[in-house]
Amino acid sequence: MDEQALLGLNPNADSDFRQRALAYFEQLKISPDAWQVCAEALAQRTYSDDHIKFFCFQVLEYQVKYKYSELTTVQQQLIRETLISWLQAQMLNPQPEKTFIRNKAAQVFALLFVTEYLTKWPKFFFDILSVVDLNPRGVDLYLRILMAIDSELVDRDVVHTSEEARRNTLIKDTMREQCIPNLVESWYQILQNYQYTNSEVTCQCLEVVGAYVSWIDLSLIANDRFINMLLGHMSIEVLREEACDCLFEIVNKGMDPVDKMKLVESLCQVLQSAGFFIIDQEEDVDFLARFSKLVNGMGQSLIVSWTKLIKSGDIKNAQEALQAIETKVALMLQLLIHEDDDISSNIIGFCYDYLHILKQLTVLSDQQKANVEAIMLAVMKKLTYDEEYNFENEGEDEAMFVEYRKQLKLLLDRLAQVSPELLLASVRRVFSSTLQNWQTTRFMEVEVAIRLLYMLAEALPVSHGAHFSGDVSKASALQDMMRTLVTSGVSSYQHTSVTLEFFETVVRYEKFFTVEPQHIPCVLMAFLDHRGLRHSNAKVRSRTAYLFSRFVKSLNKQMNPFIEDILNRIQDLLELSPPENGYQSLLSSDDQLFIYETAGVLIVNSDYPAERKQALMRNLLTPLMEKFKILLEKLMLAQDEERQTSLADCLNHAVGFASRTSKAFSNKQTVKQCGCSEVYLDCLQTFLPALSCPLQKDVLRSGVRTFLHRMIICLEEEVLPFIPSASEHMLKDCEAKDLQEFIPLINQITAKFKIQVSPFLQQMFMPLLHAIFEVLLRPAEENDQSAALEKQMLRRSYFAFLQTVTGSGMSEVIANQGAENVERVLVTVIQGAVEYPDPIAQKTCFIILSKLVELWGGKDGPVGFADFVYKHIVPACFLAPLKQTFDLADAQTVLALSECAVTLKTIHLKRGPECVQYLQQEYLPSLQVAPEIIQEFCQALQQPDAKVFKNYLKMFFQRAKP
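Residues numbered from 1 in each chain as written. Predicted model: local features only at pLDDT ≥ 70, side-chain atom pairs only at ≥ 80, totals over all residues. Heavy atoms only, no water.

Student: Break down the overall build of the chain for me, with residues and values.
Tutor: Counting its regular elements, the chain contains 45 helices and zero strands. For the C-alpha atoms alone, the extent of the chain along its principal axes is close to 95 × 90 × 65 Å. In the chain, which comprises 962 residues, the proportion classed as buried is 51%. When the accessible surface of the chain is split by element, carbon and sulfur atoms take 51% of a total near 44400 Å². The distance from the centre of the 93 positive side-chain charges to the centre of the 122 negative ones in the chain is 6 Å. (Helix = DSSP H or I, 4+ residues; strand = E, 2+ residues; numbered from the N terminus. Buried < 20%, exposed > 50% of the residue type's maximum accessible area, 1.4 Å probe, protein only. Areas by Shrake-Rupley, 256 points an atom, 1.4 Å probe, with all protein chains shown as cover. Lys, Arg positive; Asp, Glu negative; His and termini not counted. Charge placed at Lys NZ, Arg CZ, Asp CG, Glu CD.)

Encoded structure:
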């Protein structure tokens, strides 16, 4: 072996050596017999370096995995012998191999096993067992090999081909017949031999039993001698976690419901009499988490049995199953309420399913009602934050608690289905007593009380948030709690979690304020002062900005008396903070978007006359326009790139804010009706010069383009005079991405204004196309994936543009470009339909072609178009689907084929018998199509039902392709 290259295997080797080692590995992999050197090195223990041994196993692994069928029988025999002699050597080694080597060796054994067991090595396990016997080192490797085989055969995370899946099923069937009883016996011997002397091997063996139990005959394991031994392990500290997991796997195995019930009950009796059900005396939380998982498995198994027995009508045994479930509830509650969240989380599944049973029963016993109440109290207690929760810097522990809270919420929703009255009463009790003394109560208890009220909104569902009408007792309870919430002063509580929960709940129950509008002023003040938008914590300010906009939107009818006051109070929050003054504004630009939208909503939805609305909107937007002009001048002069970037961002924010105010308008309240057109036209006039700024083009263009999209919707035709110059600037020195984003703007204008913009479109049609073609024809690196993708997206945008023009009845825009240009455009569409393997673009191209045939394909169409139909469009309808890249199993491609069928149908519709004649006598014979197939094709084409032809066409091409 290349000793120099092997030096690079050491993790501390320098990069040159490492590169050399990698190259050597690649060389050994492809060499037909170099692996034999590695096999020999392993069998004869030539090397003591761990990394070299690992390397040798990697080379062997590659041979077995990818090259095995190419080896001769003698070479295959050599691999088997190498592994067995390596295994024998392990029995005599003074020191065991490192774990990573043992695991890699086990993987190679497992790969060889799945390859050879059914054919050349049926005695695999017997050979291995005869080598290892009960030697602890040998047993360790035997168990690792078994785990590696299990993951090859049944691991759900490994993706297998259907061929491998069939092979694996066959291997398992053969193992069940030939060797599983012997393997189970070997496990029993290992457990018996090592349970008191070698905990590591015993735990490994328990893991193996747990893994194999899912696919072998359960009676081999679920019998007295095995179960008694496992139960014994439950009392040995170093074994009990693995024993717990092993019992869980046994309990989880699918079986007859009555047998399962008996198995679970017998296990429970033994565990209970051994004292395992007394939770509070157990201090080992890791064990309790496993035990909780086991109890959860037993509870859920009993519930599955109950469900099956009810379905099959076996009422007697179903009663017994229910009885068995009920006796586990006390234990379940102890685990659910445990202070460790992992222990509690592991039992939630059983708890959830138990409530599902109660939901199905017509009458609940007193004990069951008590259980429901106990679960409810447990959930309320466990929802509470603990002292350690870090609100300032949330890490992994905090994220886990948030997930755990989501699980508890599901339980609460389920409780509401079982007993909504009880849930409402319990929440009301907790809420009222907590809020009575909120000043002297710890933050986590105040937070959870408000949180419970918030959660009721989803737990007790109503349509459109109508919590305060309908069921009187429920409505009045919720109304009482909401009144308490907004009048108690709890919004002043000095903890972010309470503050946020207050605002979330106020917005969740906004309908309360239509019933009791007198509380709106005090809630608005909370939003606007140091409790909300001016809170010392940025996270609270940010969330409040969003919630405030929701609150105002949902209560716009009730906002009239407060509009001017609110607008005055948020004045300072609307300021555009330029980068140079170092002033940190209270809100981020994203949060300010919500404040601008809120201001817009207040103005637009007010009862003011149009003049007043216009004045208020001007007050809102003028400062933005003035700042914009100053900042744009500064940007033009800025030298430093960092400063340019921050100025451009600030300009972009200004445009974004103005854009966002326009979201307040609607069909009922248009810009015109509100008298605001002039203000937005002034904005346009102010923002458009940014398009000619040579610096930071991407940022500025994208902002102005978004604003134009909004204005096309809001200002209607008043925006049209600005479009030509804006387009001209946006088409200057552009990249693929610029064009791709500009085309939707033109599409929007075309689709909305149609004939009104025809002169403009005719004028800019060729400049736009030249810009597109120029970018598409730029040379790119052969393997530059992102450039290829950008071009593909631009091509799609280009075809989408042509589709919009033809689909909006504006084909004259194309027709008036002069014969040469028209032909050039048509040729690009034909290319798009045939040459590029992009089904999305192909579909669009066929839509364009069928539209043009419909418009121009008749007797009075443009000169020469009929020729073009026969020379180019008809062939395209055949050449595209015949390409190898046109995959008829792909959904997008089938849609493209469907449009291709529409194109052919449209040609037939427009040209009549002449088209059939052309296909019959000229085109299809030129493709060497058999006469009877040509006949069949033409008949299908002439069917009045288009669907018949679409289906036929798919079949036609499926037959035609090899």
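Moving on, there is more to tell.
Student: Tell me about the UniProt feature "domain: Importin N-terminal" (unreviewed entry) in the chain, and name the residues and values.
Tutor: In the numbering adopted here, UniProt assigns the feature "domain: Importin N-terminal" (unreviewed entry) to residues 21–89. Along residues 21–89, the helical share is 78% and the strand share 0%, with 27 Å between the first and last C-alpha atoms. (UniProt positions renumbered as here; feature names shortened; annotations may be inferred.)

Student: Break down the packing of helix H23 (residues 472–487) against helix H24 (residues 496–508) for me, with residues and values.
Tutor: The N-to-C vectors of H23 and H24 enclose an angle of 135°; their axes lie 11 Å apart at closest approach. Comparing their axes, H24 and H23 come out oblique. Where H23 crosses over H24, the handedness of that crossing is left-handed. Counting all contacts with H23, which are made through Met482, Leu485 and Val486, the residues of H24 involved are Phe502, Thr505 and Val506. (Axes fitted to C-alpha atoms, helices over the stretch in contact; angles between N-to-C directions. Parallel < 35°, antiparallel > 145°, perpendicular 65-115°, else oblique. Left-handed = near helix turned anticlockwise from the far one by under 90°. Contact = heavy atoms within 4.5 Å.)

Student: Any details on the side chain of Thr544? Residues and values, ideally.
Tutor: Relative to the assigned elements, Thr544 resides in helix H27 (residues 538–554). When near neighbours in sequence (up to four residues on either side) are disregarded, Thr544 contacts Phe503, Phe527, Gly532 and Leu533.

Student: Please provide a residue-by-residue account of the side chain of Lys791, values included.
Tutor: Within the secondary structure, Lys791 sits in helix H37 (residues 785–807). Of the side chains with opposite charge, Asp784 lies nearest to the buried Lys791, which makes no salt bridge, at 8.9 Å. At 3.1 Å, the side chain of Lys791 and the backbone oxygen of Leu776 are in polar contact. (Salt bridge = Lys/Arg side-chain N within 4 Å of Asp/Glu carboxyl O. Polar contact = N/O pair within 3.5 Å; in protein donor to acceptor, adjacent residues only side chain to side chain.)

Student: Explain the nonpolar core to me, and be specific about the residues and the numbers.
Tutor: One finds Met175, Trp187, Phe291 and Phe878 to be the most contacted residues of the largest nonpolar core, which totals 345 residues. Those residues within four positions of Phe291 in sequence are excluded, and the remaining contacts are Met234, Cys244, Leu271, Phe276, Phe277, Ile279 and Leu331. (Core = buried A, V, L, I, M, F, W, Y, C linked by side-chain atoms within 4.5 Å.)

Student: Go over the packing of aromatic side chains with me, naming the residues and quoting the values.
Tutor: All told, the structure shown has 53 aromatic pairs when counted by the stated rule. Considering the side-chain rings of Tyr385 and Phe391, the 4.8 Å spacing of their centres and the 70° angle between planes classify their relative orientation as edge-to-face. Judged by relative accessible area, which is 16%, Phe391 ranks as buried. Between Phe391 and Phe443, the ring centres sit 5.6 Å apart and the planes meet at 80°, which makes this aromatic pair edge-to-face. Here the residue Phe391 occupies a position in the loop between helix H19 (366–382) and helix H20 (396–418), and Phe443 occupies one in helix H22 (residues 443–459), the gap between them amounting to 52 residues. When its relative accessible area of 14% is taken as the criterion, Phe443 is described as buried. (Phe/Tyr/Trp six-rings, centres within 6.5 Å; stacked < 30°, edge-to-face > 60°.)

Student: Provide a residue-level description of helix H43 (residues 913–926), including the pertinent values.
Tutor: In a regular helix each residue adds 1.5 Å, so 14 residues correspond to 20 Å; H43 covers 19 Å between its end C-alpha atoms and thus fits that length. At Leu919, H43 is deflected by roughly 45°, the largest bend along its length. Inspection of H43 places Cys915, Val916, Tyr918, Leu919, Tyr923 and Leu924 among the buried residues, and these make up the whole buried set. Residues of H43 that are buried in the fold lie against helix H41 (865–882), helix H42 (891–911) and helix H44 (931–941). Where H43 ends, the next residue or the one after it, Gln928, has phi of about 60°, a positive value. (Expected span 1.5 Å × (residues − 1). Bend = angle between axes of the 7 residues up to and from the residue.)

Student: Mind laying out helix H5 (residues 73–92), listing which residues take part and the relevant values?
Tutor: Counted at 1.5 Å a residue, the expected span for H5 with its 20 residues is 28 Å, and the 30 Å between its end C-alpha atoms agrees. If you check which residues of H5 are buried, you get Gln75, Gln76, Ile79, Arg80, Thr82, Leu83, Ile84, Trp86, Leu87, Ala89, Gln90 and Met91. Buried residues along H5 sit in contact with helix H3 (35–43), helix H4 (50–67), helix H6 (99–116), helix H7 (124–132) and helix H8 (136–154).

Student: Could you give me a rundown of the environment of Asp591, with the residues and numbers involved?
Tutor: As for its position among the elements, Asp591 is in helix H29 (residues 589–604). Through-space distance from the C-alpha of Asp591 to that of Thr804 is 36 Å; in sequence the pair is 213 residues apart. Those residues in contact with Asp591 that sit more than four places away from it in its chain are Ser542 and Ala545. A distance of 2.9 Å separates polar atoms of two side chains, one belonging to Asp591 and the other to Ser542.

Student: Give a description of the packing of H19 against helix H21 (residues 420–436) that names residues and reports values.
Tutor: Running from N to C, H19 and H21 point in directions that differ by 40°, and their axes come no closer than 11 Å. Taken together, the axes of H19 and H21 lie oblique to each other. For the pair H19 and H21, the crossing hand works out as right-handed. When H19 is examined against H21, the residues Val372, Glu373, Met376, Leu377 and Met380 are found in contact with a partner set consisting of Leu422, Leu423, Ser426, Val427, Arg429 and Val430.

Student: Hey, could you go over unusual backbone geometry for me, with residue numbers and the actual values?
Tutor: Even without being glycine, Asp133 reaches a positive phi, approximately 45°. Asp133 sits in the exposed class, given a relative accessible area of 57%. A positive phi angle is found at Gln696, which is not glycine, with a value near 50°. Tracing the backbone shows Gln696 in the loop between helix H32 (677–687) and helix H33 (697–715).

Student: Could you give an account of the environment of Gly532, naming the residues involved and the relevant values?
Tutor: Structurally, the position occupied by Gly532 is in the loop between helix H26 (520–528) and H27. Measuring from C-alpha to C-alpha, the distance between Gly532 and Thr499 comes to 7.9 Å, with 33 residues separating the pair along the chain. Contact partners of Gly532, with chain neighbours within four places excluded, come to Phe503, Ala526, Phe527, Val540, Arg541 and Thr544.

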